[in-house]
Amino acid sequence: MDFALTDDQRAIQDAARAFAEAELAPHSAEWDETKYFPVDVMRQAAEMGFCGIYAGEEHGGMALGRVEAAVIFEELSRGDVSTAAFISIHNMATWMIDSFGSDDLRGRYVPSLTTMEKIASYCLTEPGSGSDAAAMRTTATRDGDHWVLNGSKAFISGAGTSDVYVVMARTGEAGPKGISAFVVDLGTPGLGFGAQEKKMGWNSQPTAIVSFDDCRIPAANLLGKEGDGFRYAMMGLDGGRLNIAACSLGGARLALETALEYVKTRKQFGKPIGDFQNTQFKLADMATQLDACRLMVMRGAWAIDTGHPDKTKWCAMAKRMATDVCFQIVDEALQLHGGYGYLKDYPLERILRDLRVHRILEGTNEIMRVITAREMMRQ
């Protein structure tokens, strides 16, 4: 058992950290305030390979594993949680096309996605089906050489801006076996978007409903086999959950580092508040919890990379643990700042707002418990 990163993994970590410090962190507060979607900066991240992490090298990807991805997203999110999270979503959509698309689809889409010349969105959740994703009502009906999509998707990051939409839709029977996956291009007749959502956090990325009204796409835009879409989506979510957990790690780490510096200089009752044992105990607990969460995320990533039979359970456990506990770490860091933590002069309130949604998306933490218990009962 080796807990150390390899030399290559450390080099990737250093590169992601340097990029986050130079290109994300200085702008994070402004992007949140102005709701700016930093496509230009994300394309710089793509130049470093961060937008094609799992894609094959033949189409410009890095062909890396989930351990490397966890390392990358922790570092990027320390610079800006919201932007790092969108890059994670883009990677998941790119991975689905690269993993399950035909040679023609892969050749048409993956090269421009790894460079982020084109931006991708992932469309699973619907207004009436969130946790019960298999109950989706969006349909795709075969009509000659085309599929015709009808329905809508909710809470879609990048909606209206992204160029490519990976869409799950019902093509057959009720339940998961009747769901297929498709690629839909921006500008396709019948593809529409709702108004931008007004959100608590994740303000550096647009979010809206995506609608399909007799949206006709070529039959060749089916990903993999008809009826396998839900399986592909769930496979993607194992890794997606780890990436969101890693984004929570990065945000919590920045909050802890900020609090540690603050308590060394903030004085009350004649001395720095960091000299009080109560403060030190809080910091020790926060550091311990952060480390424990990171270990769980890395185990989940290792499990995916090695094909371990417990990978789905461990990913669900890591996502539940990291997103819950990291949110608590940020809350404690804000508390240590007192009233100053509530101000936008410090990054804590922004990190808190950004991390809150991590306990909801990629499967709510209640569903993570369902998955964990289900896998336990099978043993």
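These figures come from a predicted structure and were not determined experimentally. (Residues numbered from 1 in each chain as written. Predicted model: local features only at pLDDT ≥ 70, side-chain atom pairs only at ≥ 80, totals over all residues. Heavy atoms only, no water.)

Thoughts on the nonpolar core
Counted only if it meets this: We call a set of buried Ala, Val, Leu, Ile, Met, Phe, Trp, Tyr and Cys residues a nonpolar core when their side-chain atoms join them within 4.5 Å. The buried label applies to any residue whose accessible area, calculated with a 1.4 Å probe on protein chains only, is under 20% of its type's maximum; exposed applies above 50%, and partly exposed to all values in between. Secondary structure elements are defined from DSSP: runs of H or I of at least 4 residues count as helices, runs of E of at least 2 residues count as strands, and each element is numbered from the N terminus. Working rule for contacts: check all heavy atoms of both residues, and any pair within 4.5 Å makes them a contact.
Phe73, Leu76, Met96, Ile97, Tyr122 and Met168 are the most contacted members of the largest nonpolar core, which has 97 residues in total. At 17 residues, helix α7 (residues 229-265) tops the list of elements feeding residues into this core. Residues contacting Ile97, with those up to four places away along its chain left out, are Leu105, Arg106, Tyr109, Val110, Leu113, Val164, Val166, Val183 and Leu223. Grouped together as the second largest cluster of nonpolar side chains are 19 residues, Leu149, Tyr165, Ala169 and Ile217 included.

Considerations on the layout of surface pockets
Note the threshold: The pocket and cavity definitions rest on a 1 Å grid over protein atoms only: a 1.4 Å probe that fits but cannot leave marks a cavity, an open set with protein on both sides within 12 Å along at least five of seven lines marks a pocket, and residues lining either have an atom within 4 Å of a point. Grid points are joined across faces, edges and corners, and a volume is the space filled by probe spheres set on the points. Each residue is assigned to one of three groups, with Ala, Val, Leu, Ile, Met, Phe, Trp, Tyr, Cys and Pro labelled nonpolar, Asp, Glu, Lys and Arg labelled charged, and all others, Gly among them, labelled polar.
In this structure, the largest pocket encloses a volume near 1400 Å³. Together, 49 residues line the largest pocket, and Leu124, Leu237, Leu361, Glu362 and Gly363 are the ones closest to its centre. Looking at the lining of the largest pocket, the elements that each hand over two or more residues are α5 (81-100), β1 (120-123), β3 (146-157), α7, α9 (311-336), α10 (348-356) and α11 (365-378). For the lining of the largest pocket, the leading source of residues is α7, giving eight residues. Partitioning the lining of the largest pocket into residue classes produces 25 nonpolar, ten polar and 14 charged. Size it by volume and the second largest pocket reaches roughly 590 Å³. Residue lining of the second largest pocket: 19 residues in total, with Asp2, Phe3, Ala4, Met298 and Arg299 positioned closest to the centre. Residues belonging to the lining of the second largest pocket are distributed by class as follows: nine nonpolar, three polar and seven charged.

Quick word on unusual backbone geometry
At Lys35, a position not held by glycine, the phi torsion is positive, near 55 degrees. Looking at the element boundaries, Lys35 is found in the loop between α2 (28-34) and α3 (39-47). Given the relative accessible area of 53%, Lys35 is considered exposed. One non-glycine residue, Ala63, lies in the positive phi region at around 55 degrees. Looking at where Ala63 falls in the secondary structure, it is placed in the loop between α3 and α4 (66-79). Overall, the relative accessible area of 43% leaves Ala63 in the partly exposed class.

Here we look at the packing of aromatic side chains
For clarity, the threshold we go by: Only Phe, Tyr and Trp rings are paired, with Trp represented by its six-membered ring, and only when their centres lie within 6.5 Å; those with planes under 30 degrees apart are stacked, over 60 edge-to-face, the remainder tilted. The rule for a charge over a ring is simple: NZ of Lys or CZ of Arg within 6 Å of the ring centre, and within 35 degrees of the ring normal.
Under the criterion given, the structure shown has ten aromatic pairs. Taking 6.5 Å as the distance between ring centres and 40 degrees as the angle between the ring planes, the aromatic pair formed by Trp31 and Tyr36 counts as tilted. Considering the side-chain rings of Trp95 and Phe100, the 5.3 Å spacing of their centres and the 85 degrees angle between planes classify their relative orientation as edge-to-face. As far as the burial class goes, Trp95 and Phe100 line up, both buried. Through a chain of ring-to-ring contacts, three or more aromatic side chains come together here, namely Trp95, Phe100 and Tyr232. Sitting over the face of the ring of Trp95, Arg66 holds its NZ or CZ atom 5.4 Å from the ring centroid. The ring of Phe327 is capped by Arg356, whose NZ or CZ atom sits 5.9 Å from the centre of that ring.

Details of empty space enclosed by the protein
Scanning the entire structure with this criterion turns up three cavities of 30 Å³ or more. Roughly 50 Å³ of internal volume is contained in the largest cavity. Considering the residues around the largest cavity, the lining is formed by Ser28, Ser77, Arg78, Gly79, Asp80, Val81, Leu254, Arg350, Ile351 and Asp354. Of all the secondary structure elements, the ones that give two or more residues to the lining of the largest cavity are α4 and α10. When its residues are assigned to classes, the lining of the largest cavity shows three nonpolar, three polar and four charged.

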